[in-house]
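Here is how the chains run, residue by residue.
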Amino acid sequence: MRNVPLTRTASGPTGPRRRSLLALAGGSVGAAGVGALLAGCTDGAGDGADSDGRASADERVRSEAARGSLALLAHYDATITTHPALANRLCPLRSEVARHAEAFGSPPPSASASPSATHEGSGPRRTVEVPRDARKALTALATAERRTADARTTALATASPELARLLASVAASGAAHAYLLAESRT
Amino acid sequence: MSHMSRARQRMANAGGVDSAKAAEGSAREQGHDTPAEPTLRATQAALAAEHAAVYGYGVVGGRIEDQRLPEAREGLTAHRARRDALERAVRALRGEPVSSAAAYALPFPVPDAAAAARLAGEIEARLCSVYADLVRSAEGGARREAAAALREAAVRAVRWRGSSVTFPGLTERTAGSAPSTAASDVADAL
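Residues numbered from 1 in each chain as written. Chains lettered and ligands numbered in written order. Predicted model: local features only at pLDDT ≥ 70, side-chain atom pairs only at ≥ 80, totals over all residues.

Q: How do you make sense of the overall build of chain A when you look at a structure like this?
A: On a plain count of helices and strands, chain A comes out with six helices and two strands. Ordered by position in the sequence, the α and β elements of chain A form the string β-β-α-α-α-α-α-α. Looking at chain A as a whole, 44% of its 186 residues are labelled buried. (Helix = DSSP H or I, 4+ residues; strand = E, 2+ residues; numbered from the N terminus. Buried ≥ 20, exposed ≤ 12 C-beta atoms within 10 Å, placed from the backbone.)

Q: So what exactly am I meant to see when it comes to the confidence of the model for chain B here?
A: Note: predicted coordinates in regions of low pLDDT should not be interpreted at a detailed level. All names here are of chain B. Taken residue by residue, chain B gives an average pLDDT of 81. The fraction at 70 or more is 73%. Predicted confidence for residues 1-33 stays below pLDDT 50, and this span has 64 contacts to residues more than four positions away or in other chains. In the predicted structure, residues 176-190 sits below a pLDDT of 50 and forms 28 contacts with residues beyond four places in sequence or in another chain. Predicted as a complex, the structure gets a pTM of 0.74 and an ipTM equal to 0.78. (pLDDT = per-residue confidence, 0-100. Contact = placed C-beta atoms within 7 Å.)

Q: Mind showing me how you'd approach helix α5 (residues 113-137) of chain B here?
A: Given 3.6 residues per helical turn, the α-helix brings residues three or four places apart onto the same face. Helix length check: α5(B) (25 residues) gives 36 Å between terminal C-alpha atoms against 36 Å at 1.5 Å per residue, within 8%. By the criterion of burial, α5(B) is predominantly enclosed, with 20 of the 25 residues buried. (Expected span 1.5 Å × (residues − 1).)

Q: Quick question: what am I supposed to make of the packing of helix α6 (residues 161-183) of chain A against helix α6 (residues 140-161) of chain B here?
A: The packing of two helices is summarised by the inter-axis angle and the distance between the axes. The geometry of α6(A) relative to α6(B) is characterised by a closest axis approach of 8 Å and an angle of 35° between their N-to-C directions. For the crossing formed where α6(A) meets α6(B), the hand is right-handed. Contacts from A:Ala164, A:Ala168, A:Ser169, A:Ala171, A:Ala172, A:Ser173, A:Ala175, A:Ala176, A:Tyr179 and A:Leu180 of α6(A) reach α6(B) at B:Arg143, B:Ala147, B:Leu150, B:Arg151, B:Ala154, B:Val155, B:Val158 and B:Arg159. (Axes fitted to C-alpha atoms, helices over the stretch in contact; angles between N-to-C directions. Left-handed = near helix turned anticlockwise from the far one by under 90°.)

Q: Before we go on, may I ask you to explain the nonpolar core in this structure?
A: Soluble globular proteins tend to pack their nonpolar side chains together in the buried interior. If you look at the biggest cluster of nonpolar residues, it comprises 90 residues, and the most contacted ones within it are A:Leu167, A:Ala168, B:Cys128, B:Tyr131, B:Val135, B:Leu150 and B:Ala154. For this core, the element with the highest residue contribution is helix α3 (residues 36-63) of chain B, accounting for 14 residues. When residues no more than four places from it in sequence are discounted, the contact partners of B:Tyr131 are B:Ala46, B:Ala146, B:Ala149, B:Leu150, B:Ala153 and B:Gly169. (Core = buried A, V, L, I, M, F, W, Y, C linked by C-beta atoms within 7 Å.)

Q: Explain helix α4 (residues 69-92) of chain B here, please?
A: Residue and element names in this part refer to chain B. A rise of 1.5 Å per residue sets the reference length of α4, with its 24 residues, at 34 Å; its end C-alpha atoms lie 35 Å apart and thus fit the reference within 8%. Tucked inside the fold, the buried residues of α4 contact α3, α5 and α6. Arg-94, located one to two residues past α4, shows a positive phi value of around 60°.

Q: Where do I start with the environment of B:Arg91 in this structure?
A: Residue and element names in this part refer to chain B. By the element assignment, Arg-91 lies in helix α4. Classification of Arg-91 by C-beta neighbours within 10 Å gives exposed; the count is 11. Each C-alpha atom, one on Arg-91 and one on Leu-40, is 9.3 Å from the other, the two residues being 51 residues apart in sequence.

Q: Quick question: what am I supposed to make of the confidence of the model for chain A here?
A: Residue-level pLDDT values for chain A average 74, and 60% of them are 70 or greater. This stretch, residues 10-47 of chain A, has a pLDDT under 50; its non-local contacts, to residues over four places away or in other chains, come to 97 contacts.

Pasting the structure below:
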């Protein structure tokens, strides 16, 4: 994503000029988008009176979302413990889920899923029943990802704008994980 | 779909309408105090991106291997539907929908199937970004639609690329894509 793909060719009095798709998305059309992009989490400037109520509502949504990510992490860990052969495939997805948890304000979880740390019988406490069949285990994990994504999609309806954007992105990531898990061949 | 690729060659020299200016104009008509203005802008941006996606998928369809042609067609159909829905959304916001450009410069040469798949992945990744912004700007049903579109684009991006992204559409959280880079991208293209 370093260069600017799919630019629009535009001609004007000063001669041909190329305008980027990103410019369309964030610059010419939406200066607000660029501002937000540069400023990161500066949302809701001057939101006014109901901002307190919304802030605490957001806090609830945030911690619920973090809990969802932590539950998914536990599911990944349990799956990796039961099926160490899946570790290579699952670890990249697990680390993305860990970053989701952090984005929702959860403290960085321990990297307990490293295959060397998960000896038979001495792994982390199982909170999830993992099917013994590897393919079924992947399907179960895909289902968990999809359900969590659905919950986030529901939650973003009432969230403040910036949190809604984060929830939508993480839900999309979860749906993509579900796709990868369901498609992967064991 | 290979005819669309040939059409691209023909259109490559044609000048496009600067629909970004049209978007600004129609946004201005709403007045700067209208709460709907950021929503309109973000909706127009998503529409412009879907126009580009429809064009880009035409190129993809002309180069992709037969085995993945159904996937390309599926993508094209989905993006046409999103484009049409966004045009309706812009009108509902009392805006004039931005039009498609006659041609779009591609981010890289697309001589073969591998490049076509890469282009499709790139198109979807960029759509994630505009839909994430639309989620932020919109409320209610429009926000839900934008979130659904973001989700679909993210899944399609993963299908084309084979690997996932931690925060689809959130360029400021993407490693290696500092805001300053994004800002210079915006200033002018290529």
